[in-house]
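# Tertiary structure, described
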Amino acid sequence: MGWKEAAEPVLTRMPAVRRPEGHVPFKRKLAWTAGILVLYFFLTNIALLGLQTGEASDLFGEFRSILAGQQGSLLQVGIGPIVTASIVLQLLGGANLLGLDTDDPRDQVLYQGLQKLLVIVMVVLTALPMVFAGGFLPAQSSLQLGGLSLGQTGVQLLLFAQIFAGGVLILYMDEVVSKWGVGSGIGLFIIAGVSQKLVTGLIQPSTGGFFYNWYAIITGQITVGSIVGGDGLSTLLLGEGQIVALVTTVLIFGIVVYAESVRVEIPLSHARVKGARGRFPVKLIYASVLPMILVRAVQANVQFMGQILQSQWAGMPAWLGVYSEGQPVSGLFYYLAPIYSPQDWMWWTGAVTQEWWMVLIRVAIDVTVMVAGGAIFAIFWVETTDMGPEATARQIQNSGMQIPGFRQNVGVVEKVMERYIPQVTVIGGALVGLLAVMANMLGTIGAVTGTGLLLAVSITYKLYEEIAEEQLMEMHPMMRQMFGNE
Amino acid sequence: MDKGQNTGGLMSSAGLVRYFDSEDSNAIRIDPKTVIAFGVLLGVLVQLLTLAVA
């Protein structure tokens, strides 16, 4: 228990956003949420000072859509550091290495402090290579600021300071939404980013926009070959026509909303009040889609490492990675890169430069990582967020409910929960992983990626449920007591 | 209404960061308005400086 005492003075003093005293009216909550959202969009539009224009390549690459933020803006790092810090905490907590009991108030404070400290460390670790290594954020060679003249290093430090401020700000914006608003800031930023890309992908008035492409196809600006014999069909379905992408996007929406309602319901009855009945739902995507972002973030971090190695190490062996235009085209980092679009794997169309067996290995690795990773992180997630059999049994017991036909005892409820929760979690996690890979392989509108789409839809659904619950509580103050928030 | 749907008020919808009710009395408390004000000021400052440099 040594580290707790040593770290306590630092961890308990981490600045935190004040909690509201008493009940915050629903309208006020919406106002805070909207305010933070506007601030988020504002900050993604402020370009970093001292950045050389037009030469940066995004280190986040294809992961940008789930990590939020904007390349070259104050919110350069997005929620990347928060996600990475969360992975570290999940792994430490899941393996029970922390020795923190989240029911103990003192440990809760330590946990919160540790979480914040880890995010700040991750902001530094993400921002450092972005600014100081490679050409990810090339600094201007000199900058005149009033009377102050900055050299290359000075400008780099200035860039770093701005990115750092933006990264820490995102953390506190999330805290404001979590404590004063509806849902969570991270969820909000993910939805904001994905929706923006989705809408852009549909209506942007240039090549790539779904409606524009079809306008061009109909007016003959994009030539489509013969549908029967030539590659016309492929152009319409996978190419400029984007029909498959549209179908996939709509399908994912449908599947997620449907899967949200697939559940095992455990009947409950009240121990004292006769006739008061309830149900405890164990949802198919019980651990939700969020563990997916953790798997993707692991992949993203592996790819950053590849990018940084490639830019720093001239003699990188070919088996490790061969890069062309910033993308891995062969070697270990190629196989570890997830599939983003149909062009990445449909080797028969000629868009792929690799051999077919290389593509197959990459697809196999991607599917394995997502399915296995999805299941593993879902288990950790359930454990660390108190959704496991033990925690839920305690919650049911505390609310005075019991499972009809069983003794009123925490251990008994836990036994019943153990029959469902672990299995449902693993199946759900693996299923969501598979879905994300399939969506990526078939492509999505605006290249939001399958994971991005899954996240956006399920977070929106959760948000809807939460808003419904808020409104109910707003209308019936009695409900507030029942849900435990005064 | 599911009375059993008592998953606790602990978790936020995207619970990547968890906030608990207990807080240490030593902790520095920030007003949410301060966070927004800081964000707006940072944005405006960087934008103004960028315009001044160009």
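Up top you'll find the structure we're talking about.
First, a word on what this report is: a plain description of the structure on this page. (Residues numbered from 1 in each chain as written. Chains lettered and ligands numbered in written order. Predicted model: local features only at pLDDT ≥ 70, side-chain atom pairs only at ≥ 80, totals over all residues. Heavy atoms only, no water.)

A:Ile79, A:Met173, A:Phe189 and A:Ile293 are the most contacted members of the largest nonpolar core, which totals 136 residues. Considering each element in turn, this core owes the most residues, 14 residues, to helix α6 (residues 152-180) of chain A. The contact partners of A:Ile293, leaving out residues within four places of it in the chain, are A:Ile66, A:Ile79, A:Val83, A:Ile190, A:Leu455 and B:Leu16. (Core = buried A, V, L, I, M, F, W, Y, C linked by side-chain atoms within 4.5 Å. Buried < 20%, exposed > 50% of the residue type's maximum accessible area, 1.4 Å probe, protein only. Helix = DSSP H or I, 4+ residues; strand = E, 2+ residues; numbered from the N terminus. Contact = heavy atoms within 4.5 Å.)

Here we take up helix α15 (residues 410-442) of chain A. Residues and elements named next belong to chain A. In this model, α15 (33 residues) spans 46 Å end to end at C-alpha, consistent with the 48 Å of a helix rising 1.5 Å per residue. Largest kink in α15: about 40 degrees, centred on methionine 417. At the N-terminal end of α15, a side-chain oxygen is found 2.6 Å from the backbone nitrogen of glycine 411, two or three residues along, and the residue is asparagine 409. Backbone geometry just downstream of α15 places glycine 443 in the positive-phi region, at approximately 90 degrees. (Expected span 1.5 Å × (residues − 1). Bend = angle between axes of the 7 residues up to and from the residue. Polar contact = N/O pair within 3.5 Å; in protein donor to acceptor, adjacent residues only side chain to side chain.)

Attention shifts here to the interface of chain A and chain B. You'll often see interface size given as the accessible area lost when the parts meet. Of the residues lining the interface, 72 residues belong to chain A; the matching set on chain B comes to 44 residues. Counting the surface lost from both chain A and chain B, the interface buries some 5,200 Å², and carbon and sulfur atoms represent 67% of this. The interface formed by chain A and chain B contains 1 salt bridge. Notably, a salt bridge pairs B:Asp31 with A:Arg18, separated by 2.5 Å at the nearest N-O pair. Where chain A meets chain B, there are 8 residue pairs in polar contact (both at pLDDT 80 or more). Across the side of chain A that touches chain B, the residue classes tally to 42 nonpolar, 18 polar and 12 charged. Direction of pairing for strand β1 (residues 16-17) of chain A relative to strand β1 (residues 29-30) of chain B: parallel, over a ladder of 2 bridges. Paired with A:Ala16 across the two strands is B:Arg29, which belongs to β1(B). (Buried area = accessible area lost by both parts, 1.4 Å probe. Salt bridge = Lys/Arg side-chain N within 4 Å of Asp/Glu carboxyl O. Nonpolar A, V, L, I, M, F, W, Y, C, P; charged D, E, K, R; others polar. Pairing = 2+ DSSP bridges.)

Our focus in this paragraph is the pattern of salt bridges. All names here are of chain A. Within the structure shown, the criterion is met by 14 salt bridges over all chains. For arginine 263, the salt bridge identified is with glutamate 265, shortest N-O distance 3.9 Å. Put simply, aspartate 344 and arginine 362 hold a salt bridge, and the shortest N to O gap is 3.8 Å. Here the residue aspartate 344 occupies a position in the loop between α12 (332-336) and α13 (356-384), and arginine 362 occupies one in helix α13, the gap between them amounting to 18 residues. Overlapping salt bridges, with partners in common, bring together Lys4, Glu5, Glu8, Arg106 and Asp107 in one network.

Turning our eyes to something else, we now look at α13(A). With 29 residues, α13(A) should reach 42 Å at 1.5 Å per residue; the first-to-last C-alpha distance of 41 Å fits that figure. Two residues or fewer after α13(A) comes A:Asp386, characterised by a positive phi angle close to 60 degrees.

Moving on, we get to the layout of surface pockets. Residue and element names in this part refer to chain A. Looking at the second largest pocket, its volume works out to about 650 Å³. Every residue lining the second largest pocket is counted, 33 residues in all, and those nearest its centre are Tyr340, Ser341, Pro342, Gln343 and Asp344. Counting only elements with at least two residues in the lining of the second largest pocket, the list comes to α10 (243-260) and β7 (327-330). The leading source of residues in the lining of the second largest pocket is β7, at 3 residues. Of the residues assigned to the lining of the second largest pocket, the class counts are 16 nonpolar, 13 polar and 4 charged. (1 Å grid on protein atoms, 1.4 Å probe; cavity = no way out; pocket = protein on both sides within 12 Å on 5 of 7 lines; lining within 4 Å. Points joined across faces, edges and corners; volume = space filled by probe spheres on them.)

Let's shift gears to empty space enclosed by the protein. Inspection of the entire model under this criterion finds 6 cavities of 30 Å³ or more. With 5 residues, helix α5 (residues 105-132) of chain A is the single largest residue contributor to the lining of the largest cavity.

Residue and element names in this part refer to chain A. Note that strand β4 (residues 263-270) and strand β5 (residues 277-283) share 7 bridges and pair antiparallel. Residue pairing in the sheet places arginine 263 in a bridge with lysine 283 of β5. The turn linking β4 back onto β5 is made up of 6 residues, and glycine 275 within it adopts a positive phi angle of 90 degrees. In terms of strand pairing, β4 meets strand β8 (residues 401-402) through 2 bridges, oriented antiparallel. Paired with serine 269 across the two strands is glutamine 402, which belongs to β8.

Distances and angles like these do not, on their own, reveal function.
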